[in-house]
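# Report on the structure
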Amino acid sequence: DTACKNRPLDLVFIIDSSRSVRPEEFRKVKTFLSEMIDTLDVGERTTRVAVMNYASTVKVEFPLRTYFDKASLKEAVSRIEPLSAGTMTGLAIQTAMDEVFTEEMGTRPATFNIPKVVIVVTDGRPQDQVQDVAASARTAGIEIYAVGVDRADMQSLRIMASEPLDEHVFYVETYGVIEKLTSKFRETFCAVSVCALGTHGCQQLCVSNGASYLCDCYEGYTLNPDKRTCSAVDMCAPGRHECDQICVSNNGSYVCDCYEGYTLNPDKKTCSAMDMCAPGRHDCAQVCLSNDGSYSCDCYEGYTLNPDKKTCSAADVCAPGRHDCEQLCVRNDLFYTCDCHQGYTLNPDRKTCSRAITSSLITTEESCKCEAIIALQDSVTSRLEALSTK
């Protein structure tokens with residue numbers, strides 16, 4: 001039925017090119033691949049095709065991301081050359097898992113629900129442990145079809161293929177008739193639903209509904225009013241994210257970030273205040289005071305903060321109110337000492353002053369003069385005190 005198109009697939013052909021496959025037989029394999037490509041609905045959004053070539057070594061001829069049209073695929077197939085001796089089928093399947101079925105190489109994400117399919121074509125018995133590798137591939141969601149030709153070991157084909165075996169194991173007597181399997185695979189991959197035909201017009205997902213269908217969108221997208229196309233959801237809208245501080249929308253997804261002075265925790269959602277006073281984070285000259293994601297500067301005792309709020313200058317310790325000297329304050333860098341006016345001496349408390357008392361050996365005449373001077377000084381002092389009292 002020409003209206004029957006294959007469902008979208010990520011399809012990998014693994015072909016045996018060991019020495020047992022003669023050149024003319026290998027050409028038949030490439031013809032089979034070309035005819036298979038003709039039956040497929042090839043395209044970036046439909047079926048993607050990769051080809052691997054193996055013997056004792058494995059070669060990825062081209063991955064799923066390379067060609068999205070039949071002409072380019074068939075041209076690439078025509079250029080494939082056989083390798084050498086050996087039949088390392090297990091290694092080939094393992095390489096498909098590791099190097100071909102990856103998003104980097106063109107495999108679509110699991111959310112797209114595109115089947116991952118392998119078709120192995122071989123005429124021999126695997127020379128490595130294929131059973132465990134094939135089981136791992138099937139567990140990873142890869143569907144394996146095993147095609148045996150001529151001398152192929154049927155038991156090995158059954159070991160590597162997916163269940164049910166009667167739908168996944170094929171055998172032909174010679175490479176000359178391998179092309180007859182094309183119709184078998186066409187029937188196997190045929191899809192008659194509107195969604196599988198690719199005529200639905202849905203931008204992202206098509207949901208079959210009997211003879212009809214509905215369009216839907218991938219996670220992180222919402223269906224537009226036209227019911228066909230999708231737009232990225234604002235994942236940073238209230239209630240859609242789990243970010244502690246800042247949500248950054250990213251094409252249907254989001255990442256969390258933090259305000260300045262905070263750092264993102266390992267959970268990638270919550271934030272913690274940075275130690276802004278850690279070395280290299282601040283520009284305080286002397287003292288840094290951390291304050292919940294911010295900081296302020298201060299100075300050591302004896303210094304004052306300059307107007308730039310960062311650097312410090314030595315304080316004038318002899319400024320009024322900063323010292324407790326009774327008469328004189330003598331500054332000494334960050335400290336001070338007290339002193340007295342002439343005629344006074346510093347008391348033992350090193351702060352207050354008392355009148356100085358002097359004594360010397362004097363003559364009688366000088367003694368009389370001294371007594372007269374002292375009497376005069378006392379008289380003047382008494383009058384000054386009296387005036388002061390009035």
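Residues numbered from 1 in each chain as written. Predicted model: local features only at pLDDT ≥ 70, side-chain atom pairs only at ≥ 80, totals over all residues. Heavy atoms only, no water.

Let's shift gears to the environment of Ser 78. The residue Ser 78 is located in helix α2 (residues 70-78) in this model. Separated by 47 residues in the primary sequence, Ser 78 and Thr 31 have C-alpha atoms spaced 8.3 Å apart. (Helix = DSSP H or I, 4+ residues; strand = E, 2+ residues; numbered from the N terminus.)

For the structure shown, the criterion picks out eight aromatic pairs. When the centroid spacing of 5.6 Å and the interplanar angle of 70 degrees are considered together, the rings of Tyr 145 and Phe 185 count as edge-to-face. With Tyr 145 in strand β6 (residues 142-149) and Phe 185 in helix α7 (residues 181-189), this pair connects stretches of sequence that are 40 residues apart. Accessibility assignment for this pair places Tyr 145 and Phe 185 in one class, buried. (Phe/Tyr/Trp six-rings, centres within 6.5 Å; stacked < 30°, edge-to-face > 60°. Buried < 20%, exposed > 50% of the residue type's maximum accessible area, 1.4 Å probe, protein only.)

Spatially, six strands are ordered β4-β3-β2-β5-β6-β7 in an open sheet, and the strand pairing comes out mixed. What marks the edges here is a single partner per strand, and that holds for β4 (58-62) and β7 (169-172). Across the sheet, the mean angle from the axis of one strand to that of its neighbour is 20 degrees, orientation sign disregarded. Pairing geometry for strand β2 (residues 10-16) and strand β5 (residues 116-122), over six bridges, is parallel. Bridging across to β5, Val 12 finds its partner in Val 118. Most of the contacts of helix α1 (residues 23-39) go to β2, to which it runs at about 170 degrees, and overall it touches β2, β3 (48-54) and β5. (Pairing = 2+ DSSP bridges. Axes fitted to C-alpha atoms, helices over the stretch in contact; angles between N-to-C directions. Contact = heavy atoms within 4.5 Å.)

This brings us to the pattern of salt bridges. Using the criterion set out here, one finds 13 salt bridges in the structure. We note a salt bridge from Asp 153 to Arg 125, for which the minimum N-O separation is 3.4 Å. Within this pair, whereas Asp 153 is found in the loop between β6 and α5 (154-160), its partner Arg 125 is found in the loop between β5 and α4 (130-139), the two being separated by 28 residues in sequence. Looking at Asp 153, the relative accessible area reads 16%, which means it is buried. The shortest N-O distance in the salt bridge between Arg 331 and Asp 316 comes to 3.8 Å. Note that Arg 331 is positioned in strand β21 (residues 328-332) and Asp 316 in the loop between β20 (312-314) and β21, a separation of 15 residues in sequence. (Salt bridge = Lys/Arg side-chain N within 4 Å of Asp/Glu carboxyl O.)

Here we take up the layout of surface pockets. Rolled over the atoms, a probe with the dimensions of a water molecule shows which regions are left empty. Its boundaries defined by the atoms lining it, the largest pocket holds a volume of some 670 Å³. Lining the largest pocket are 21 residues, and of these Pro 8, Arg 45, Ile 114, Gln 204 and Tyr 218 lie nearest its centre. Counting only elements with at least two residues in the lining of the largest pocket, the list comes to α8 (194-197) and β9 (205-209). Each residue belonging to the lining of the largest pocket can be placed in one class, and the counts come to ten nonpolar, six polar and five charged. When residues are assigned to domains, the lining of the largest pocket turns out to be shared by domain 1 (4-192) and domain 2 (194-232), each giving three or more. (1 Å grid on protein atoms, 1.4 Å probe; cavity = no way out; pocket = protein on both sides within 12 Å on 5 of 7 lines; lining within 4 Å. Points joined across faces, edges and corners; volume = space filled by probe spheres on them. Nonpolar A, V, L, I, M, F, W, Y, C, P; charged D, E, K, R; others polar. Domains from an automatic or database assignment.)

Applying the stated criterion to the full structure yields eleven disulfides. A sulfur-sulfur distance of 1.9 Å marks the disulfide that ties Cys 236 to Cys 247. Measuring handedness by torsion sign, the sulfur bridge of Cys 236 and Cys 247 sits at about -80 degrees and is left-handed. One end of the pair, Cys 236, is in the loop between β12 (230-232) and β13 (246-250); the other, Cys 247, is in strand β13, with eleven residues separating them in the sequence. Residue pairing for Cys 284: its cysteine sulfur links by disulfide to Cys 297, the two sulfurs lying 1.9 Å apart. Taking the sign of the torsion about the S-S bond as the criterion, the disulfide between Cys 284 and Cys 297, at about -80 degrees, is left-handed. With Cys 284 in the loop between β16 (271-273) and β17 (287-291) and Cys 297 in strand β18 (residues 294-298), this pair connects stretches of sequence that are 13 residues apart. The exposure class of Cys 284 is buried, given its relative accessible area of 10%. (Disulfide = S-S within 2.5 Å.)

Geometric values such as these leave the question of function open.
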